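A look at the structure
Chain by chain, the residues run as shown.
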Amino acid sequence: MVDSAHIQAGSTVDPAEIERFARIAEEWWDPRGKFAPLHRLNPVRLGFIRDRAAAHWQRDPLSDAPLRGLSLVDIGCGGGLICEPMARLGADVVGIDATDRNIRTARLHADGQELAIDYRETTAESLAETGAQFDIVLALEIVEHVADIDLFLHSISRLARPGGLVFLSTLNRTAKAWALAIAGAEYVMGWLPRGTHDWRKFLRPSELVRGLRHVGVEPQEIVGVVYSPLSREWSLHKRDLDVNYMLYGSKGVG
């Protein structure tokens, strides 16, 4: 249950998480650096968002700019790995992050690509307080890092226009997720810095669905995102939600 008094007084920002990502901000655009897993994951995430958004607004996903004219906010945008391709697909993009170094890195890279992206150092709840609303709200690989999940979900719902879409991707709270995403990715393979994830912050799909419905966002589809060590590629999987998963929902009109 979302407590409105708690929402006004709270914050989604976890200072330890902000400091952890600030230390490696300069590595966002190195495909072989600390964020290499996100570079490998990006094609799957982008395809999922593009195809579902295009279908929602009855557009051709393979056209030059299927998101043209749509406003989009990427919450926890980091160095802009999602913002830039979304801008190339035609969206009017705002990227927000609570880490100043991430925003500076994102702005510098976008300038070099001659992309007009509005980057802001702020939080979801602070942006929601301004009354800003968007056709598409992205919250990718951030749910598992926030300090207050109720406040966060309430905020992203406020940021979505009635009839708009909300996309999330995160990790399931299962033993398999602990073994692969923490023990494997952080300690054995070294794909991520140790301490990147706290298993206790992972959300089961049922928990996320319940939380979204409570704030007026109706989930439309949930898919697993699985990694193949043979092909070294990620792909969507309808049934395997054990570790990584993505979902999207629509904001109610009434």
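Throughout what follows, the structure given in this document is the object of discussion.

Reading the values: rules and limits
- Residues numbered from 1 in each chain as written.
- Predicted model: local features only at pLDDT ≥ 70, side-chain atom pairs only at ≥ 80, totals over all residues.
- Heavy atoms only, no water.
- Phe/Tyr/Trp six-rings, centres within 6.5 Å; stacked < 30°, edge-to-face > 60°.
- Buried < 20%, exposed > 50% of the residue type's maximum accessible area, 1.4 Å probe, protein only.
- Pairing = 2+ DSSP bridges.
- Helix = DSSP H or I, 4+ residues; strand = E, 2+ residues; numbered from the N terminus.
- Axes fitted to C-alpha atoms, helices over the stretch in contact; angles between N-to-C directions.
- Contact = heavy atoms within 4.5 Å.

Below, the discussion takes up the packing of aromatic side chains. For the structure shown, the criterion picks out four aromatic pairs. Plain terms: the ring middles of Tyr227 and Trp234 are 5.2 Å apart, the flat faces sit at 55 degrees to each other, and that makes the pair tilted. On the accessibility criterion, Tyr227 (22% relative accessible area) is partly exposed. These aromatic residues form a ring-pair network of at least three members: Phe48, Phe167 and Tyr248.

Glancing now at the sheet that holds strand S8 (residues 244–251). The eight strands lie next to each other as S3-S2-S1-S4-S5-S8-S6-S7, forming an open sheet whose pairing is mixed. This sheet does not close on itself; its edge strands, each paired only once, are strand S3 (118–121) and strand S7 (233–237). Averaged over all adjacent pairs, the angle separating strand axes in this sheet is 20 degrees, with direction ignored. One ladder, built from five bridges, connects strand S1 (residues 71–75) with strand S2 (residues 92–97); its direction is parallel. The partner of Asp74 across the bridge, within S2, is Gly95. Across the sheet, helix H7 (residues 149–159) lies against S1, strand S4 (134–140), strand S5 (160–171), strand S6 (217–228) and S8, angled at about 140 degrees from S5, the strand it touches most.

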